[in-house]
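What follows is each chain in one-letter form.
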Amino acid sequence: MSSKKIKTGHLSLDPYENAINVEYEVTVTDEDGQQTVTQKETKVRLKPIKPDTNLQKLAGDIIAKCKYISDKKYSVVEQLVHDLRRRQFQDDEDDEPVESEVSLDNIDDYMEQLYGGDDDLGDKIKGSYNVLQLCKNVGNLESLIQNMQLMSALSRVLADDYKRS
């Protein structure tokens, strides 16, 4: 009878997504006692982390749901979740202050600003700046990319303004 053992390896934050990369080792022992070791990697994707999220509970939930992460890695997972939240909410000190907090709920307003008249360059700049602020939060990227109206508005504005300049 063959047996299969999974050993958790290195855990790291994905640089582009709200995710934890999990490296693990699978050891399969067949009936003859021969062992085959395979190195594998998977990605645990997470929803955007809110400022009031209980990080200890979230780390426990991640370990409970991912069979490739050992309970012994709890402190590592908790630190990664903490780093991920910090990365989501870090503000670049070089950025201009935002007059009001940008939100995915206001995306329609930002698109209206993008569609502003030919003479109203200020609204286009505000609209594109607000979309940029939303893009800085990695958790927003998927929602923004899937918004076909926004993608059409951005491509039209960029193409039109490129022709003018």
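Because the structure is predicted, anything quoted here is derived from the model rather than measured. (Residues numbered from 1 in each chain as written. Predicted model: local features only at pLDDT ≥ 70, side-chain atom pairs only at ≥ 80, totals over all residues. Heavy atoms only, no water.)

A. Here's a closer look at the sheet that holds strand β1 (residues 3–13). Spatial strand order, β1-β2-β3: three strands in an open sheet with antiparallel pairing. Each of the sheet's edge strands pairs with one partner strand only, and the pair in question is β1 and β3 (35–45). Direction aside, neighbouring strands of the sheet carry axes that sit 20 degrees apart on average. The pairing of strand β2 (residues 19–29) with β3 spans eleven bridges and is antiparallel. Residue pairing for β3: Y24 is matched across the bridge by K40. In this fold helix α2 (residues 74–89) packs onto β1 and β2, with an angle of close to 35 degrees to the strand it touches most, β1. (Pairing = 2+ DSSP bridges. Helix = DSSP H or I, 4+ residues; strand = E, 2+ residues; numbered from the N terminus. Axes fitted to C-alpha atoms, helices over the stretch in contact; angles between N-to-C directions. Contact = heavy atoms within 4.5 Å.)

B. A look at the side chain of D14. Looking at the secondary structure, you find D14 in the loop between β1 and β2. With relative accessibility at 6%, the residue D14 sits in the buried group. Engagement of the side chain of D14 in a polar contact is seen with the backbone nitrogen of E17, the distance being 2.9 Å. In this structure D14 touches A19, N21, K43 and R87, once residues within four positions along its chain are discounted. (Buried < 20%, exposed > 50% of the residue type's maximum accessible area, 1.4 Å probe, protein only. Polar contact = N/O pair within 3.5 Å; in protein donor to acceptor, adjacent residues only side chain to side chain.)

C. Layout of the environment of N106. Here N106 shows up in the loop between α2 and α3 (107–114). For the pair N106 and D160, spaced 54 residues apart in sequence, the C-alpha separation works out to 24 Å.

D. Structural view of the confidence of the model for the chain. In the predicted model, the chain carries a mean pLDDT of 85, and the fraction of residues at 70 or more is 91%. Highest mean pLDDT in the chain belongs to helix α1 (residues 55–65) (95); lowest belongs to helix α4 (residues 121–135) (84). With pLDDT under 50 throughout, residues 91–99 is counted as low confidence; its partners more than four residues away or in other chains account for seven contacts. (pLDDT = per-residue confidence, 0-100.)

E. Expanded view of the environment of T38. With respect to the helices and strands, T38 occurs in strand β3. When the C-alpha positions of T38 and I6 are compared, they lie 9.7 Å apart, and in sequence the two are 32 residues distant. Once you skip the residues sitting within four places of it in the chain, T38 turns out to touch Y24, E25 and V26.

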